[in-house]
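# Fold and contact review
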Amino acid sequence: MTTTRFRTHTEIHRMSDSRLAEAAHSSFARHETFAPRFGWLHKAYMQVKNNPEAFLADDAPVQLGVGKNMVYSMRYWSRAFKLTREHYGDDSNSRAMLSYPTWEARWLLDEDGADPYLEELGSLWLLHWWLLASRPGAKSWAPSWYVAFHLAPFSRFTLADLTQVIVRYVNLSFPEGPVEASITKDVDCITKMYVPAQRLKGGAPGAFEDLLSCPFRELGLLEQVGQRGSSEWEFTSGSRTSLPARIIAYACLDYAARTTRNAGSISLARLANEPGAPGRAFRIRETDIAAALGKVAAEHSELQLVEAVGQRSLTFASNPFDLAWDVLDEQYDKVRDKPNFPTREEWARKYPKLAEAEKRELKQQDFIDPQLSLIEETV
């Protein structure tokens, strides 16, 4: 017998929260098994700001000072951290994708930028947020990372556990997925990227040195647990003493800006628990978010923590995207106020391909119509 069921708008929204394709591109194992290393992002930015073909040049290994496979990895990580966008060049006969530095890369990594050599742990937390963050026109290029932090139903796992969860989301989200071995490489890279080197035991030759050179292990987001010979990994929890309050506030406002560029509010429960939100990305609790937002709101009249009917919310009196950058810029002594520092508009005029890349991505995205309230489903 055939019956007809109607899904409510609430159910549709819940489904969209769990659809990996809405948050991330289908991009797997592009890192060539290398976690991002010290100095890579700054070196890559300094090259592409003068030459969009830097990663494609025959002498790229020489210019970047790395092996050929590492050039591919640097290109991937620059894009994944939203420090570059890729688009076709001006040559109509070429289909090669060139790399253009984003304004965010200029703000962070230029010689007069916020932290070009990533000496502050807050900068690594910020990059971690950019890696996972997703909004229309700027989805994540690290789907395996997105699943691990935002969608996986566990905090403790084996490599096989996490691989299978990612495979399931890939099969549900993308018409064509990679071979499972590519996802396994992603999972291995996740542990290399975040697990402190001193906790590693065994491993392939060079694995220890590989971890030593990855700055993100300093965040301590993952640790190796379990009995010897049975490796398991666990997301850590507790107070993040190295995570600045302004970075948390920036991420909260940036998350709110996904859906509105007007004054409004967002509940702390959403900021702590929703897939894609700062709570899951940073593995922090609602109380940690409240403490950070309270501290930042005390310095900003346009931000306020309010409580109604037992629920706490962050209210913002203007565009949350602009407020997010005001807060972030203060963390780095107002980089945007330096002489001759370019505005976003000036940077966009210098690199017009950035806007073209964003438009191209927007056209490719398939979002559920927000006006849709009922979908007929035949069962």
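As shown above, the structure is provided for reference.
Structure report, in brief.

Calculation criteria
Residues numbered from 1 in each chain as written. Predicted model: local features only at pLDDT ≥ 70, side-chain atom pairs only at ≥ 80, totals over all residues. Heavy atoms only, no water. Helix = DSSP H or I, 4+ residues; strand = E, 2+ residues; numbered from the N terminus. Buried < 20%, exposed > 50% of the residue type's maximum accessible area, 1.4 Å probe, protein only. Contact = heavy atoms within 4.5 Å. Polar contact = N/O pair within 3.5 Å; in protein donor to acceptor, adjacent residues only side chain to side chain. Salt bridge = Lys/Arg side-chain N within 4 Å of Asp/Glu carboxyl O. Expected span 1.5 Å × (residues − 1). Pairing = 2+ DSSP bridges. Axes fitted to C-alpha atoms, helices over the stretch in contact; angles between N-to-C directions. Left-handed = near helix turned anticlockwise from the far one by under 90°. Nonpolar A, V, L, I, M, F, W, Y, C, P; charged D, E, K, R; others polar. 1 Å grid on protein atoms, 1.4 Å probe; cavity = no way out; pocket = protein on both sides within 12 Å on 5 of 7 lines; lining within 4 Å. Points joined across faces, edges and corners; volume = space filled by probe spheres on them. Core = buried A, V, L, I, M, F, W, Y, C linked by side-chain atoms within 4.5 Å. Arc of directions from axis to C-beta.

## Focus on the environment of Ser231
- Position of Ser231 relative to the elements: it lies in the loop between strand 5 (222-225) and strand 6 (232-235).
- A residue is classified by how much of its surface remains accessible, and Ser231, at 37% relative accessible area, is partly exposed.
- For the pair Ser231 and Leu159, spaced 72 residues apart in sequence, the C-alpha to C-alpha distance is 8.1 Å.
- Discounting residues that sit within four places of it in the chain, Ser231 has contacts with Thr158, Gln224 and Val225.
- Among the polar contacts made by the side chain of Ser231, one reaches the side chain of Gln224 at a distance of 3.3 Å.

## A look at the pattern of salt bridges
- Within the structure shown, the criterion is met by 18 salt bridges.
- Between Lys49 and Asp110 there is a salt bridge, with its nearest N and O atoms 3.1 Å apart. Placement of the pair is Lys49 in the loop between helix 3 (40-48) and helix 4 (60-64) and Asp110 in the loop between helix 6 (103-109) and helix 7 (121-132), with a sequence separation of 61 residues.
- By relative accessible area, Lys49 is classed as partly exposed at 22%.
- Given a relative accessible area of 9%, Asp110 falls into the buried group.
- The shortest N-O distance in the salt bridge between Glu330 and Arg246 comes to 3.9 Å. Of this pair, Glu330 sits in helix 16 (residues 320-331) while Arg246 sits in helix 12 (residues 245-256), and the two are 84 residues apart along the sequence.
- Residue classification places Arg246 among the partly exposed positions, given a relative accessible area of 23%.

## Points about helix 10 (residues 180-194)
- For helix 10, which comprises 15 residues, the first-to-last C-alpha distance of 22 Å matches the rise-based estimate of 21 Å (1.5 Å per residue) to within 8%.
- Buried within helix 10 we find Ser182, Ile183, Asp186, Val187, Cys189, Ile190, Thr191, Lys192, Met193 and Tyr194.

## Digging into the pairing of strand 6
- Residues of strand 6 alternate between two faces, with Trp233 and Phe235 buried on one and Glu232 and Glu234 left unburied on the opposite face.
- Alignment of strand 4 (residues 156-157) against strand 6, held across two bridges, turns out to be antiparallel. Its bridge partner being in strand 6, Arg156 is matched across the sheet by Glu234.
- Where strand 5 lies against strand 6, four bridges are found, and the strand directions are antiparallel. Looking across to strand 6, one finds that Gln224 is bridged to Trp233.

## Description of the packing of helix 8 (residues 143-151) against helix 10
- Between helix 8 and helix 10, the least distance of the axes is 9 Å, while the angle of their chain directions is 65°. In this structure, helix 8 meets helix 10 at a crossing whose hand is right-handed. Across from Ser144, Trp145, Ala148 and Phe149 in helix 8, the residues of helix 10 making contact are Ile183, Asp186, Cys189, Ile190, Met193 and Tyr194.
- Class assignment of the residues belonging to the contact of helix 8 with helix 10 gives a composition of eight nonpolar, one polar and one charged.

## Observations concerning the layout of surface pockets
- The computed volume of the largest pocket comes to approximately 900 Å³.
- Of all the secondary-structure elements, those providing two or more residues to the lining of the largest pocket are strand 2 (84-88), helix 6, helix 12, helix 16, helix 17 (344-350) and helix 18 (353-364).
- Of the residues assigned to the lining of the largest pocket, the class counts are 18 nonpolar, six polar and 15 charged.

## Concerning the nonpolar core
- Formed by 115 residues in total, the largest nonpolar core has its most connected members in Trp77, Trp107, Trp130, Trp145, Met193 and Tyr194.
- In terms of residues, this core owes the most to one element, helix 12, which gives 10 residues.
- Among all residues touching Met193, those that are not within four sequence positions of it are Ala35, Pro36, Trp77, Phe81, Leu131, Trp145, Cys214, Phe216 and Arg217.

## Some thoughts on the sheet that holds strand 8 (residues 303-308)
- An order of 7-9-8 is seen for the three strands of this open sheet, with the pairing classed as antiparallel. Whereas interior strands pair on both sides, the edge strands pair on one side only; in this sheet they are strand 7 (264-267) and strand 8. Adjacent strand axes in the sheet meet at a mean angle of 30°, parallel and antiparallel pairs treated alike.
- Looking at chain direction, strand 7 and strand 9 (residues 311-316) are connected through four bridges and run antiparallel. Looking at strand 9, one finds that Ile266 is bridged to Leu314.
- Running at roughly 80° to strand 9, helix 12 makes contact with strand 7, strand 8 and strand 9 of the sheet.

## Considerations on helix 18
- The terminal C-alpha atoms of helix 18 lie 17 Å apart, and with 12 residues this matches the ideal 16 Å at 1.5 Å per residue to within 8%.
- Those residues of helix 18 that sit buried are Lys353, Leu354, Ala357 and Glu361. The arc enclosing the buried residues of helix 18, seen along the axis, measures out at 110°, which places them on a common side. Opposite the packed face of helix 18, turned more than 90 degrees from it, sit the exposed residues Lys359 and Lys363.
- On its buried face, helix 18 sits against strand 2, strand 3 (97-101) and helix 17.

## What about unusual backbone geometry?
- Located in the positive-phi region is Lys82, a residue other than glycine, with phi close to 65°.
- Look at Lys82 and you get buried, because its relative accessible area is 13%.
- Here Lys334, not a glycine, exhibits a phi torsion of approximately 60°, which is positive.
- Within the secondary structure layout, Lys334 lies in the loop between helix 16 and helix 17.

Any link to function would need more than the numbers given here.
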